[in-house]
Amino acid sequence: MSLPVGSYVVELRTGRVGRVMGHEGPYLQLRPVGGGREWDCPPDGVRAATDAERISAATAYANARSRGEVP
């Protein structure tokens, strides 16, 4: 599966939602919604995120930010 940079995916192992930032060797580079440290994941370890999953991750980040838990 070829995922374009900027698409949102769910890592199957952890359930984390991330945005595809690039491809490095055999891995995808993913960044959490709202920013943060990127992590590598094999392309067969992700699936496309639904709109509901993407919105839920963005809402969770906004709530954490309003509580001062993240910058």
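Described in the following lines is the structure provided in the data block. (Residues numbered from 1 in each chain as written. Predicted model: local features only at pLDDT ≥ 70, side-chain atom pairs only at ≥ 80, totals over all residues. Heavy atoms only, no water.)

### As for the overall build of the chain
Line of reasoning, step 1. The number of helices and strands found in the chain is 1 helix and 5 strands.
Line of reasoning, step 2. Each helix and strand of the chain, placed in order from N terminus to C terminus, yields the pattern β-β-β-β-β-α.
Line of reasoning, step 3. The C-alpha radius of gyration computed for the chain amounts to 12 Å, which stays within 12% of the reference 11 Å derived for 71 residues, consistent with globular compactness.
Line of reasoning, step 4. Taking the principal axes of its C-alpha atoms as reference, the chain extends roughly 35 × 25 × 20 Å.
Line of reasoning, step 5. In the chain, the share of contacts with a sequence separation of at least 24, taken over all contacts with a separation of at least 6, comes to 33%. (Helix = DSSP H or I, 4+ residues; strand = E, 2+ residues; numbered from the N terminus. Rg over C-alpha atoms; globule rule 2.2 N^0.38 Å. Contact = heavy atoms within 4.5 Å.)

### Considerations on the packing of aromatic side chains
We describe a pair of aromatic rings using the distance from one ring centre to the other and the angle between the two ring planes.
Line of reasoning, step 1. Throughout the structure, instances matching the rule amount to 0 aromatic pairs.
Line of reasoning, step 2. The residue whose ring lies beneath R16 is W39, and the NZ or CZ to ring-centre distance is 3.7 Å.
Line of reasoning, step 3. Above the ring of Y8, the side-chain terminus of R54 is found at 5.8 Å from the ring centroid. (Phe/Tyr/Trp six-rings, centres within 6.5 Å; stacked < 30°, edge-to-face > 60°. Lys NZ or Arg CZ within 6 Å of the ring centre and 35° of its normal.)

### With respect to the pattern of salt bridges
Line of reasoning, step 1. Inspection of every chain in the model, using the stated rule, returns 4 salt bridges.
Line of reasoning, step 2. Here E69 makes a salt bridge to R67, at a shortest N to O gap of 2.9 Å. (Salt bridge = Lys/Arg side-chain N within 4 Å of Asp/Glu carboxyl O.)

### Re the side chain of S7
Line of reasoning, step 1. Considering the arrangement of structural elements, one finds S7 in the segment before β1 (8-11).
Line of reasoning, step 2. S7 gets classed as buried once you look at its relative accessible area, which sits at 18%.
Line of reasoning, step 3. Here the side chain of S7 touches P4 through a polar contact of 2.8 Å, landing on its backbone oxygen.
Line of reasoning, step 4. Those residues in contact with S7 that sit more than four places away from it in its chain are G18, R19 and V20. (Buried < 20%, exposed > 50% of the residue type's maximum accessible area, 1.4 Å probe, protein only. Polar contact = N/O pair within 3.5 Å; in protein donor to acceptor, adjacent residues only side chain to side chain.)

### Focus: the nonpolar core
Line of reasoning, step 1. Counting 8 residues, the largest nonpolar core is built from L3, V9, V20, L28, L30, W39, C41 and V46.
Line of reasoning, step 2. Sorting the residues of this core by element identifies β3 (27-32) and β4 (39-41) as the ones contributing at least two each.
Line of reasoning, step 3. Those residues within four positions of L28 in sequence are excluded, and the remaining contacts are L3, V20, G22, H23, W39, D40, C41, P43 and V46. (Core = buried A, V, L, I, M, F, W, Y, C linked by side-chain atoms within 4.5 Å.)

### What to know about helix α1 (residues 51-66)
Note that an α-helix has 3.6 residues per turn; residues three or four places apart therefore point the same way.
Line of reasoning, step 1. Counted at 1.5 Å a residue, the expected span for α1 with its 16 residues is 22 Å, and the 22 Å between its end C-alpha atoms agrees.
Line of reasoning, step 2. Phi turns positive one or two residues past the end of α1, at G68, with a value near 80°. (Expected span 1.5 Å × (residues − 1).)

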